[in-house]
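Okay, here's what each chain looks like letter by letter:
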Amino acid sequence: MPHQYPSLSTEQKKELSDIAQKIVAPGKGILAADESTGSMVKRMAQINTENTEENRRLYRQILFCADDRVKPCIGGVIFFEETLYQKTDAGEVFSKYIKGRGMVVGIKVDKGVVPLAGTDGETTTQGLDGLSERCAQYKKDGADFAKWRCVLKITPTTPSRLAIIENANVLARYASICQMHGIVPIVEPEILPDGDHDLKRSQYVTEKVLAAVYKALSDHHVYLEGTLLKPNMVTAGQACTKKYTAQEIAMATVTALRRTVPPAVPGVTFLSGGQSEEDASINLNAINQCPLPKPWALTFSYGRALQASALKAWGGKKENAKAAQEEYIKRALSNSQASLGKYVGTGGKGAAASESLFVAGHAY
């Protein structure tokens, strides 16, 4: 028989709930600027720029210091650990600067994916060791939410039950540890877009994965009102020959969420999953226009889909900082509108707006 041993006080619950609500306030989403140093190698290589700590600082400063037009669009920013302790040119720590602009500071806390033995190339995510101590420190250093990414893939034999259950439990352990330290956990069970599966298969797998995740969160006594979900949209595999409309993607996505995600969850912040900037906005808009009842905020937590055009416009050159900021602001405004179901497509205007951002077996 389950017995309740409350781990969170009423005050702790209120703090977590308030943070989550602030991040997904109407019109707001998340800038995911938590690419690891390894991922930044690929980003910098695209613009023939050396991947140094200073260049990473300069690039993130461009995003963080974009003018006040982004304030109504960005509720939170996810940092990589290095960025949490970097400073603006004026000498202010980035985390303090972002907080001063009314945005919530987040931190990526997982240590990357590792092979899950006895499976067909499936993975789990490491980083639970020492997580409690790291969360305590991150909270002191200004972080109020965290992100942990688990990865599943669709093939004729995967995801296996083992991979689904293992990743669900890892996400639940992470979430409960974060909440003990006053940090809102973003739960991210990403189903990769690699493969030739159709929309129906993607929806089926998404439902099975999310059902397992919320069972694990319940088993681990996670306070749902103080969490956010960062799932994939339900889309067909990249190699699927059939093309689906934004409305079909929206209906499949919202249906999957309605079948699995409790209304207690304040918000769903979608990952862009290799969609082009424009597609990520159009599909988010269609999801918010979907005629089914939607009890959660449905918004964005985009990395590449907010940054691709900005990165291209910057090109590693200081004199292009303003142009890069304009591209980022454009995407932030577009996605803010999409999160309200009010986006009118721009027809792919932007330095990289229509380019597919798909990377096979994407590692973050």
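These numbers were taken from a predicted model, which means no experiment stands behind them. One numbering rule holds for all chains: residues counted from 1, following each sequence as written. Per-residue local features are limited, in this predicted model, to residues with pLDDT of at least 70; the limit for side-chain atom pairs, both in listing and counting, is 80 or more; totals at the level of whole chains, interfaces and linings are taken over all residues. The basis for every side-chain value is the complete set of non-hydrogen atoms in the structure, without hydrogens or water.

Participant: Can you help me understand the overall build of the chain in this one?
Facilitator: Strands here mean DSSP runs of E at least two residues long; helices mean DSSP runs of H or I at least four residues long; both are numbered from the N terminus. Scanning the chain from terminus to terminus reveals twelve helices and ten strands. The globule rule used for comparison is 2.2 Å times the number of residues to the exponent 0.38, while the radius of gyration itself is calculated over C-alpha atoms. The C-alpha atoms of the chain give 19 Å as radius of gyration, which agrees with the globular expectation for 364 residues (21 Å, within 12%). Seen through its principal axes, the chain has C-alpha atoms that stretch 65 × 50 × 40 Å. Exposure categories follow from relative accessible area, calculated using a 1.4 Å probe and restricted to protein chains: below 20% of the type maximum is buried, above 50% is exposed, and the middle band is partly exposed. Evaluated residue by residue, the chain yields a buried proportion of 58% over its 364 residues. The contacts of the chain with a sequence gap of at least 6 include a subset with a gap of at least 24, amounting to 80%. Per-residue and other accessible areas were derived by the Shrake-Rupley procedure at a 1.4 Å probe size, with only the shown protein chains allowed to occlude residues. Accessible surface for the chain amounts to roughly 14,900 Å². Of this, 54% is attributable to carbon and sulfur atoms. Two residues form a contact once any of their heavy atoms are found within 4.5 Å.

Participant: What's the story with the nonpolar core in this structure? I'm lost.
Facilitator: As a rule of thumb, soluble globular proteins bury nonpolar side chains together. Core analysis: the biggest nonpolar cluster contains 102 residues, and I74 and Y174 have the highest contact counts within it. By residue number, the principal contributor to this core is helix α7 (residues 161-180), which donates ten residues. The residues touching I74, leaving out its near neighbours within four places in the chain, are K28, G29, L31, M103, F300, Y328 and A332. Remark: nonpolar core denotes a set of buried residues (Ala, Val, Leu, Ile, Met, Phe, Trp, Tyr, Cys) joined through side-chain atoms within 4.5 Å. Counting five residues, the second-largest nonpolar core is a separate cluster that includes L199, I249, A252 and A256.

Participant: What am I meant to see in the pattern of salt bridges here?
Facilitator: Charged atoms that come close allow side chains of opposite charge to pair. By definition, a salt bridge exists where a carboxyl oxygen of Asp or Glu is found within 4 Å of a side-chain nitrogen of Lys or Arg. Counted according to the given criterion, the structure contains 21 salt bridges. Measuring nitrogen to oxygen at the nearest pair gives 2.9 Å for the salt bridge that ties K147 to D34. Of this pair, K147 sits in strand β6 (residues 145-152) while D34 sits in the loop between β1 (29-33) and α2 (37-46), and the two are 113 residues apart along the sequence. Here the two residues K147 and D34 agree in accessibility, since each one is buried. Notably, a salt bridge pairs E188 with R149, separated by 4.0 Å at the nearest N-O pair. In this pair, E188 is assigned in strand β7 (residues 184-191) and R149 in strand β6, connecting sequence segments 39 residues apart. In this structure R149 comes out as buried when scored by relative accessible area, which is 6%. The structure contains a network of salt bridges with shared partners spanning D34, K147, R149, E188 and E190.

Participant: Help me understand unusual backbone geometry, please; the structure alone is not making it clear to me.
Facilitator: For residues other than glycine, phi is negative in most cases, and the peptide bonds are mostly trans. Looking along the chain, the bond that leaves T158 and enters P159 is cis, with omega of 5°. Mapped onto the elements of the fold, P159 is located in the loop between β6 and α7. A positive phi is found at H221, a non-glycine position, where the angle reads about 60°. Judged by its relative accessible area of 59%, H221 falls in the exposed class.

Participant: It is not clear to me how the packing of aromatic side chains should be interpreted in this structure. Could you clarify?
Facilitator: Both the distance between ring centres and the angle between the ring planes are used here to describe each pair of aromatic rings. Note on ring pairs: Phe, Tyr and Trp rings are taken, using the six-membered ring of Trp, and paired if centres are within 6.5 Å. Classes follow the plane angle, with under 30 degrees stacked, over 60 edge-to-face and the rest tilted. Applying the stated rule across the entire model yields five aromatic pairs. Relative to F79, the ring of F64 has its centre 5.1 Å away and its plane inclined at 25°; by these criteria the two rings are stacked. Of the two residues, F64 sits in helix α3 (residues 53-64) while F79 sits in strand β2 (residues 74-79), which places them 15 residues apart along the sequence. Under the relative-accessibility criterion, F64 is labelled buried at 2%. Three or more aromatic residues joined by ring pairs form one cluster here, namely F64, F79 and F94.

Participant: What's the story with the side chain of T299 in this structure? I'm lost.
Facilitator: Residue position: T299 is located in strand β10 (residues 297-302). Residues adjacent in sequence count toward polar contacts only when both atoms are side-chain atoms; beyond that, a polar contact is any pair of N or O atoms within 3.5 Å, and within protein one must be able to donate a hydrogen and the other to accept it. Side-chain polar atoms of T299 contact the backbone oxygen of K28, separated by 2.8 Å. Ignoring sequence-local partners within four residues, the contact set of T299 consists of V24, K28, G29, V268, T269, F270, L284 and S339.

Participant: Before we go on, may I ask you to explain the packing of α2 against α3 in this structure?
Facilitator: The description of two packed helices rests on the angle between their axes and on the distance between the axes. Where α2 contacts α3, the axes come no closer than 11 Å and their chain directions differ by 75°. By the angle class used here, α2 and α3 are roughly perpendicular. In this structure, α2 contributes T37, M40 and M44 to the contact, and α3 contributes N55, R56, Y59 and R60. Each residue is assigned to one of three groups, with Ala, Val, Leu, Ile, Met, Phe, Trp, Tyr, Cys and Pro labelled nonpolar, Asp, Glu, Lys and Arg labelled charged, and all others, Gly among them, labelled polar. Split into classes, the residues belonging to the contact of α2 with α3 amount to three nonpolar, two polar and two charged. Think of each axis as a best-fit line through the C-alpha atoms, taken over the contacting stretch in the case of a helix, with angles from 0 to 180 degrees between the N-to-C directions. An angle counts as roughly parallel when it lies under 35 degrees, as roughly antiparallel when it exceeds 145, as roughly perpendicular when it falls between 65 and 115, and as oblique in every other case.

Participant: Which parts of the structure should I look at to understand the state of the cysteines?
Facilitator: Chemically, a disulfide is nothing more than a covalent bond linking the sulfur atoms of two cysteines. In plain terms, two cysteine sulfur atoms within 2.5 Å form what is called a disulfide here. Across all of its chains, the model carries zero disulfides by this definition. Here C135 is not disulfide-linked; the sulfur of C178 is the nearest cysteine sulfur, at 4.0 Å. On the basis of relative accessibility, which here comes to 0%, the residue C135 falls in the buried class. A residue is classified by how much of its surface remains accessible, and C178, at 0% relative accessible area, is buried.

Participant: Please clarify how the pairing of β10 should be interpreted in this entry.
Facilitator: Looking along a regular strand, one sees side chains alternate from face to face of the sheet. Where burial is concerned, most of β10 is hidden: five out of the six residues are buried. Any two strands are treated as partners once DSSP identifies two or more bridges connecting them. The pairing of strand β9 (residues 267-270) with β10 spans four bridges and is parallel. In the strand pairing of β10, G267 is matched with A297. Throughout, right-handed denotes a crossover for which the path from the first strand over the helix to the second runs clockwise when the strands point away from the viewer. For the crossover that starts at β9, traverses helix α10 (residues 277-289) and ends in the parallel β10, the hand is right-handed.

Participant: For this particular structure, what's the right way to read the side chain of R60?
Facilitator: Tracing the backbone shows R60 in helix α3. Only 2.9 Å separates the side chain of R60 from the side chain of E35, close enough to count as a polar contact. In this view, R60 contacts A33, D34, E35, M40, E82 and T83; residues no more than four positions away in its chain are not counted.

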